[in-house]
Structure formats: structure tokens, C-alpha cells
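Coordinate analysis (summary)
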Amino acid sequence: YRYGTGGNDAYGVILKDFSIVSTAAGTGIGFQHVTESQINNVAIEGLSVGIVLGFTGGCDCYNTFSQDHIFTTGYAVELNQYANQNQFYGGRFQSTTSSAIYDNGDANTFYAPDVEGASTGFELGSQAGADGIYSPYVEGNTQDVLIDSGAVGNSIMGGTYLGHVTDNSGNTSNFIFTTGAGANQGG
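Definitions and limits used
- Residues numbered from 1 in each chain as written.
- Predicted model: local features only at pLDDT ≥ 70, side-chain atom pairs only at ≥ 80, totals over all residues.
- Heavy atoms only, no water.
- Helix = DSSP H or I, 4+ residues; strand = E, 2+ residues; numbered from the N terminus.
- Rg over C-alpha atoms; globule rule 2.2 N^0.38 Å.
- Buried < 20%, exposed > 50% of the residue type's maximum accessible area, 1.4 Å probe, protein only.
- Contact = heavy atoms within 4.5 Å.
- Areas by Shrake-Rupley, 256 points an atom, 1.4 Å probe, with all protein chains shown as cover.
- Core = buried A, V, L, I, M, F, W, Y, C linked by side-chain atoms within 4.5 Å.
- Polar contact = N/O pair within 3.5 Å; in protein donor to acceptor, adjacent residues only side chain to side chain.
- Pairing = 2+ DSSP bridges.
- Disulfide = S-S within 2.5 Å.
- Salt bridge = Lys/Arg side-chain N within 4 Å of Asp/Glu carboxyl O.

Moving on, we come to the overall build of the protein. On a plain count of helices and strands, the protein comes out with zero helices and 24 strands. Its C-alpha atoms give the protein a radius of gyration of 15 Å, within 12% of the compact-globule value 16 Å for 187 residues. Along the three orthogonal principal directions, the C-alpha set of the protein runs to about 40 × 30 × 25 Å. A burial count over the protein gives 52% of its 187 residues as buried. Taking as baseline every contact in the protein between residues at least 6 positions apart, the subset at least 24 positions apart corresponds to 40%. Counting only carbon and sulfur atoms, one obtains 49% of the accessible surface of the protein, whose full area is about 7600 Å².

Take a look at the structure:
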């Protein structure tokens, strides 16, 4: 799905109750310049990328994602620099070769996501700021959380054991408060 190109935002798009299953390389849903919209109860499996937001030239912002099931070979969710203030509720995310959730935007929030069996569960990119992950269910990832150089003001609170956390941010503003070896990192 691609809508609102050329800097003209689309508002109020609702995608719900369907599946995209393929073994082809490609993206399931690309929200380009789509704001205040919803993706609810959508399953995406087998593609390179599940959902991508944050295209140059517009704001892919204020969208809501609820109970989506995304298993991909690349990013299940890719939030680039212009993806801000998006909320994810529940859902299950997995990648066979990369980070399940890559967040390089600002103020995106994940509430109780299930991230299992990925090479990296959550990756907070170098532009990530003020992103929040609350009560995640994290299990069976090679790396649970990776915070890239330059990421600032992000927090992970609660949830299950986060045993494999790497903070390469170079600052103490990222905060992890949960059980496991990665607890109490940062500020």
C-alpha cells in the first residue's frame, strides 16, 4: 500500500483483517506520507520487509498499529528518520536475518510487543530519540536490544528478561529498566 506521495499526506487510512504471504523480495506495506491512520490485525509473512514508514519529504506520523503479526527475512517493522509519534499495541514481530524492529525515528512507542527468534529484537538507530518500549515479551533473539551510536533519550521499561543488550550510543541518556544483564543501562 502506497499513498500520499509527493508530500501530500493521506489521513485516516484504515487497513485491517487481512494477510500478505509471499516468498518474494519486497515490502508488504509502505506507508509513504500517511498520517493518523491504522493497521489492525494484519499478518505479513515471507517478504523482505513487513511495514516501512519514514520516507523523505513528509511525515509518516501519528499512525496506530494493533495486534499485527509480521514474520520477515529483513525488518518486520522499519521506522526511518521521518517516522514519528507512531504507536504499536501488542503484535508479534520476527526477522530471520536482521533486526525485527528497526526504529530510527522520534517518539515512537511500542506497548507489549512480542519479539522472538530474531537476530536482533529491537534496534534503535542513530537518529532514534525519545522512543519507548513498554512491557515487551522478548525471547530467543541472538541480540535483544541494540542501541546504535548517537541514539538519545530512548527507554525500555518492564517486560521479560533482556539478556543481550548492547548500548553503542556513546551517551547515558538511554534507559533500560527491566530484568536481565541489560538492566539499568544509561541514565
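That covers the picture; the talk isn't over yet.
Turning our attention to the nonpolar core. Core analysis: the biggest nonpolar cluster contains 37 residues, and Ile29, Phe31, Ile39, Ile51 and Phe93 have the highest contact counts within it. Mapped onto this core, the elements with two or more residues apiece are β3 (27-31), β5 (38-45), β6 (49-53), β10 (77-79), β14 (99-103), β17 (120-124) and β20 (143-147). Every residue in contact with Ile39, bar those within four places of it in the chain, is listed here: Leu15, Ile29, Phe31, Ile51, Thr64, Phe65, Ser66 and Asp68.

Looking at the element boundaries, Glu116 is found in strand β16 (residues 114-116). For Glu116, the side chain forms a polar contact with the side chain of Arg92, separated by 3.5 Å. Not counting the four nearest positions on each side in its chain, Glu116 is found in contact with Arg92, Phe93, Gln94, Tyr137, Glu139 and Asn141.

Attention shifts here to the pairing of strand β13 (residues 92-95). Where strand β9 (residues 69-72) lies against β13, four bridges are found, and the strand directions are parallel. Counted as the bridge partner of Thr72 is Ser95 from β13.

In this section: the state of the cysteines. Applying the stated rule across the entire model yields one disulfide. Disulfide partner of Cys59: Cys61, at an S-S distance of 1.5 Å. Measuring the twist about the S-S bond at about -115°, one finds the Cys59-Cys61 disulfide to be left-handed. Taking the relative accessible area as the measure of exposure, Cys59 reaches 26% and is therefore partly exposed.

Overall, the coordinates contain two salt bridges when judged by the stated rule. Between Asp114 and Arg92 there is a salt bridge, with the nearest N and O atoms lying 3.7 Å from each other. Residue Asp114 is found in strand β16, and its partner Arg92 is found in strand β13; the two are separated by 22 residues along the sequence. What makes Arg92 partly exposed here is its relative accessible area of 30%. Two residues, Arg92 and Glu116, come together in a salt bridge whose shortest N-O distance is 3.5 Å. With Arg92 in strand β13 and Glu116 in strand β16, this residue pair connects regions lying 24 residues apart in the sequence. On the basis of relative accessibility, which here comes to 15%, the residue Glu116 falls in the buried class.

This brings us to unusual backbone geometry. With a phi angle near 55°, Asn41 is a residue other than glycine that sits in the positive phi range. For Asn41, the position within the fold is in strand β5. The phi angle at Ala130 is positive, at roughly 60°, despite the residue not being glycine. Secondary-structure assignment places Ala130 in the loop between β17 and β18 (132-134).

Moving on, we get to the environment of Thr96. Position of Thr96 among the secondary structure elements: in the loop between β13 and β14. Here the alpha-carbon distance between Thr96 and Gln85, two residues eleven residues apart in the chain, equals 27 Å. In this structure Thr96 touches Thr72 and Thr73, once residues within four positions along its chain are discounted.

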